[in-house]
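Spelled out from the first residue to the last, the chains are:
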Amino acid sequence: MPAPCDTEIVDGPLLLRPWQPDDARALEAAVVESIDSLGRWLPWCRAGYDLAAAQDWVRRCEQGWAEGEHFAFGIFDRTHQRLLGSVGLNQRNLLHRSANLGYWVRQSEQRHGVAAKAVQLVARFGFRQLALQRIEIVALPDNQASRRTAERAGARFEAVARRRIWDGEQARDGAVYALVPEDLEQA
Ligand SMILES: CC(C)(COP(=O)(O)OP(=O)(O)OC[C@H]1O[C@@H](n2cnc3c(N)ncnc32)[C@H](O)[C@@H]1OP(=O)(O)O)[C@@H](O)C(=O)NCCC(=O)NCCS
């Protein structure tokens, strides 16, 4: 099922929409601000992250939407259009109607409920627009913020899967959470 690349999701103070080329500068600023809190968990978030890296991400996201494989949204404050973070579905498995869900929130906007809400909104998009039956969230076992976000969004913990995550240098175990459509019925 196709998903339009002009999809916008609005809920309360949040606006989620696919990345656009004009977002690259704001993305660079958000990542650079957040290296301390994101860098520990996201291997691409390192000192030296620059505008070219942000532009490359936006290009890859546009391609992901066009190919129906990767659905990345910027999370914005609806009133001021300030970039708050990123959330998206990737690793889509067409055979089994499943996908992975990833997220980050810029350092200055963490702990205000942004990630938990954005996860629910994008999961609902995945179930309704992409007909997904299962959405996985996989976190490093000691990433308490990510694990708690998954739980807060309604995902259920299933297992610690051995060597589930390649972090760029080594295989790490992953705490696997999943959302299925029924999980969001009361949310
Ligand atoms: C994980 C992350 C996205 C959470 O974003 P956020 O907007 O601050 O999360 P929320 O405010 O929606 O909080 C969701 C839950 O996580 C908890 N939480 C958030 N940050 C936490 C932290 N540093 N330590 C412990 N719990 C934390 C919140 O208290 C809340 O739980 P509660 O409702 O029981 O109180 C953010 O910390 C981040 O970007 N981390 C680095 C990137 C990352 O790890 N991404 C996930 C990779 S799998």
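The structure reproduced in this document is the subject of the present report. Since the model is a prediction, treat every value here as computed from it, not as a measurement.

Turning our attention to the overall build of the protein. Of regular secondary structure, the protein possesses five helices and eight strands. Here the protein has a C-alpha radius of gyration of 16 Å; the compact-globule value for 187 residues is 16 Å, and the two agree. A fraction of 59% describes how many contacts in the protein between residues 6 or more apart in sequence connect residues 24 or more apart.

Time to look at the nonpolar core. Membership of the largest hydrophobic core comes to 47 residues, with the highest contact counts inside it found for Ile75, Val87, Leu101, Ala118, Val119, Val122 and Ala123. Looking at this core, the elements with two or more residues in it are α1 (24-33), α3 (51-67), β3 (71-77), β4 (83-93), β5 (98-105), α4 (114-129), β6 (134-139) and β8 (171-179). Sorting elements by how many residues they give to this core places α4 first, with eight residues. Beyond its immediate chain neighbours, meaning those up to four positions away, Val87 contacts Leu16, Phe73, Ile75, Tyr103, Ala118, Val119 and Val122.

This brings us to the site of the ligand. Surrounding the ligand, one finds 23 residues, the nearest of these being Gln110, Ala115, Ala116, Ala145 and Arg148. Broken down by secondary-structure element, the contributors of at least two residues to the shell around the ligand are α2 (35-38), β5, α4 and α5 (144-152). With six residues, the top contributor of residues to the shell around the ligand is α5. Of the residues belonging to the shell around the ligand, the class tally is 11 nonpolar, nine polar and three charged.

Turning to the pairing of β5, a few remarks are in order. Relative to β5, β4 is paired through seven bridges, and the arrangement is antiparallel. Across the sheet, the residue bridging to Val87 is Tyr103, located in β5. With antiparallel pairing between neighbouring strands as the criterion, β4 and β5 make up a hairpin whose turn holds four residues, including Arg97 at a positive phi of roughly 55 degrees. Bridge count between β5 and β6: three bridges; the pairing is parallel.

Let's shift gears to the packing of α1 against α3. Contact geometry for α1 and α3: axes closest at 8 Å, N-to-C directions at 120 degrees. As summarised for this structure, α1 and α3 are arranged oblique, according to the angle between their axes. For the pair α1 and α3, the sense of crossing is right-handed. For the pair α1 and α3, contact is made by Ala24, Arg25, Leu27 and Glu28 and by Leu51, Ala54, Gln55, Trp57 and Val58, respectively. Looking at the contact of α1 with α3 residue by residue, the classes come out as six nonpolar, one polar and two charged.

As a further point, take unusual backbone geometry. Of note, the phi angle at Arg97 is positive, near 55 degrees, even though the residue is not glycine. Inspection of the secondary structure puts Arg97 in the loop between β4 and β5. Located in the positive-phi region is Arg111, a residue other than glycine, with phi close to 65 degrees. With respect to the element layout, Arg111 can be found in the loop between β5 and α4.

Attention shifts here to the environment of Ser146. Mapped onto the secondary structure, Ser146 falls in helix α5. In this structure, the C-alpha to C-alpha distance between Ser146 and Asp77, residues 69 residues apart in sequence, is 21 Å.

Calculation notes
- Residues numbered from 1 in each chain as written.
- Predicted model: local features only at pLDDT ≥ 70, side-chain atom pairs only at ≥ 80, totals over all residues.
- Helix = DSSP H or I, 4+ residues; strand = E, 2+ residues; numbered from the N terminus.
- Rg over C-alpha atoms; globule rule 2.2 N^0.38 Å.
- Contact = placed C-beta atoms within 7 Å.
- Core = buried A, V, L, I, M, F, W, Y, C linked by C-beta atoms within 7 Å.
- Buried ≥ 20, exposed ≤ 12 C-beta atoms within 10 Å, placed from the backbone.
- Near = placed C-beta within 6 Å.
- Nonpolar A, V, L, I, M, F, W, Y, C, P; charged D, E, K, R; others polar.
- Pairing = 2+ DSSP bridges.
- Axes fitted to C-alpha atoms, helices over the stretch in contact; angles between N-to-C directions.
- Parallel < 35°, antiparallel > 145°, perpendicular 65-115°, else oblique.
- Left-handed = near helix turned anticlockwise from the far one by under 90°.

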